[in-house]
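# Geometric and topological summary
Single-letter residue listing:
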Amino acid sequence: MLIQKGTQRMETSRLLLRQAVLDDATYMFENWASRPEVTKYLTWPTHSSVETTKLVLQSWMENYAREDYYQWMIELKSIHQPIGTISGMNPNKLLSSVELGYCIGDHWWHQGIMTEAVQAVIGYFFETCNFNRITAKHDLNNPYSGQVMLKCNMKYEGTFRQAAMNNQGICDVANYAILKRKESI
């Protein structure tokens, strides 16, 4: 049975995954939200001001009271500041499924940080919330995101052609998933 627990604090060897606070605005703006190279394949626009970032954070903070809301700041413990986000979107009680979305500042790409964060969230969703299916997708032009999914034991399920839109326009997306329970086939 699915147990929605919301955005709970988690810790890994290098990371603190936690709820956002308004004091994160400057870090979020400078570390990733204002950086076109980071937002290139995302569905939300690059932030033009820290005021935009504050509005986004306020929206997240208002939603934290909901048990079906999953939005973490990824804080790098060695520098005590957030460097990205990871979220669980569209939780579905009937299917016991949730979709992952994530981004990280380009200064921290290719260091295994996002893989560490995704593994922690997958563990949380399976063990604490009892989700059975976790999905994720990426623009085919952003293969590094897919590499994170593969490192986290997600399986490639297929490519949907012209099935999504991001800051580059309409795009093809590769779809991945991992199951808690053994496959029935």
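Bear in mind the structure is a predicted one, so any value in this text is a computation, not a measurement.

Thresholds applied
Residues numbered from 1 in each chain as written. Predicted model: local features only at pLDDT ≥ 70, side-chain atom pairs only at ≥ 80, totals over all residues. Heavy atoms only, no water. Phe/Tyr/Trp six-rings, centres within 6.5 Å; stacked < 30°, edge-to-face > 60°. Buried < 20%, exposed > 50% of the residue type's maximum accessible area, 1.4 Å probe, protein only. Helix = DSSP H or I, 4+ residues; strand = E, 2+ residues; numbered from the N terminus. Axes fitted to C-alpha atoms, helices over the stretch in contact; angles between N-to-C directions. Parallel < 35°, antiparallel > 145°, perpendicular 65-115°, else oblique. Left-handed = near helix turned anticlockwise from the far one by under 90°. Contact = heavy atoms within 4.5 Å. Nonpolar A, V, L, I, M, F, W, Y, C, P; charged D, E, K, R; others polar. Pairing = 2+ DSSP bridges. Salt bridge = Lys/Arg side-chain N within 4 Å of Asp/Glu carboxyl O.

## Concerning the packing of aromatic side chains
- Following the criterion strictly, the structure yields ten aromatic pairs and no others.
- Measuring from centroid to centroid gives 5.2 Å for Phe-125 and Phe-131, while their planes differ by 80 degrees, and the two rings are edge-to-face.
- For Phe-131, a relative accessible area of 0% corresponds to the buried category.
- Relative to Tyr-176, the ring of Tyr-156 lies with its centre 5.6 Å away and its plane at 65 degrees, an arrangement referred to as edge-to-face. Here Tyr-156 is found in strand β7 (residues 155-166), whereas its partner Tyr-176 is found in strand β8 (residues 169-179), with 20 residues between them in sequence.
- Residue classification places Tyr-176 among the buried positions, given a relative accessible area of 8%.

## Quick look at the packing of helix α1 (residues 25-33) against helix α3 (residues 50-63)
- Here α1 crosses α3 at 110 degrees, and the two axes come no closer than 9 Å. For the element pair α1 / α3, the angle class is roughly perpendicular. As α1 packs across α3, the resulting crossing turns out to be right-handed. Residue-level contacts link Ala-25, Thr-26, Met-28, Phe-29 and Ala-33 of α1 to Val-50, Thr-53, Lys-54, Val-56, Leu-57 and Trp-60 of α3.
- A breakdown of the residues in the contact of α1 with α3 according to their chemical character gives eight nonpolar, two polar and one charged.

## Some remarks on the environment of Thr-39
- With respect to the helices and strands, the residue Thr-39 is situated in helix α2 (residues 36-39).
- We classify Thr-39 as buried; its relative accessible area is 1%.
- Taking the C-alpha atoms as reference points, Thr-39 and Ile-104, separated by 65 residues in sequence, lie 9.4 Å from one another.
- If we skip the residues at most four places from it in the chain, Thr-39 touches Trp-32, Ala-33, Trp-44, Thr-46 and Asn-167.

## Regarding the sheet that holds strand β2 (residues 15-18)
- Read from one edge to the other, the open sheet built from eight strands follows the order β1-β2-β3-β4-β5-β6-β8-β7, with strand pairing classed as mixed. Looking at strand neighbours, the two that pair on one side only are β1 (10-11) and β7, the edges of this open sheet.
- The strands touched by helix α5 (residues 143-151) are β5 (97-104), β6 (133-139) and β8; relative to β6, the strand with the most contacts, the crossing angle is about 160 degrees.

## Some thoughts on the pattern of salt bridges
- Enumeration according to the criterion identifies ten salt bridges in this entry.
- Across the pair Arg-18 and Asp-24 runs a salt bridge whose closest N-O atoms are separated by 2.8 Å. Taken as a pair, Arg-18 and Asp-24 share a single burial class, namely buried.
- Salt-bridge contacts for Asp-68 lead to Arg-66; the nearest nitrogen and oxygen are separated by 3.0 Å.
- Accessibility expressed as a relative area gives 32% for Asp-68, which makes it partly exposed.
- By relative accessible area, Arg-66 is classed as partly exposed at 38%.

Purely geometric stuff here, so don't read any function into it on its own.
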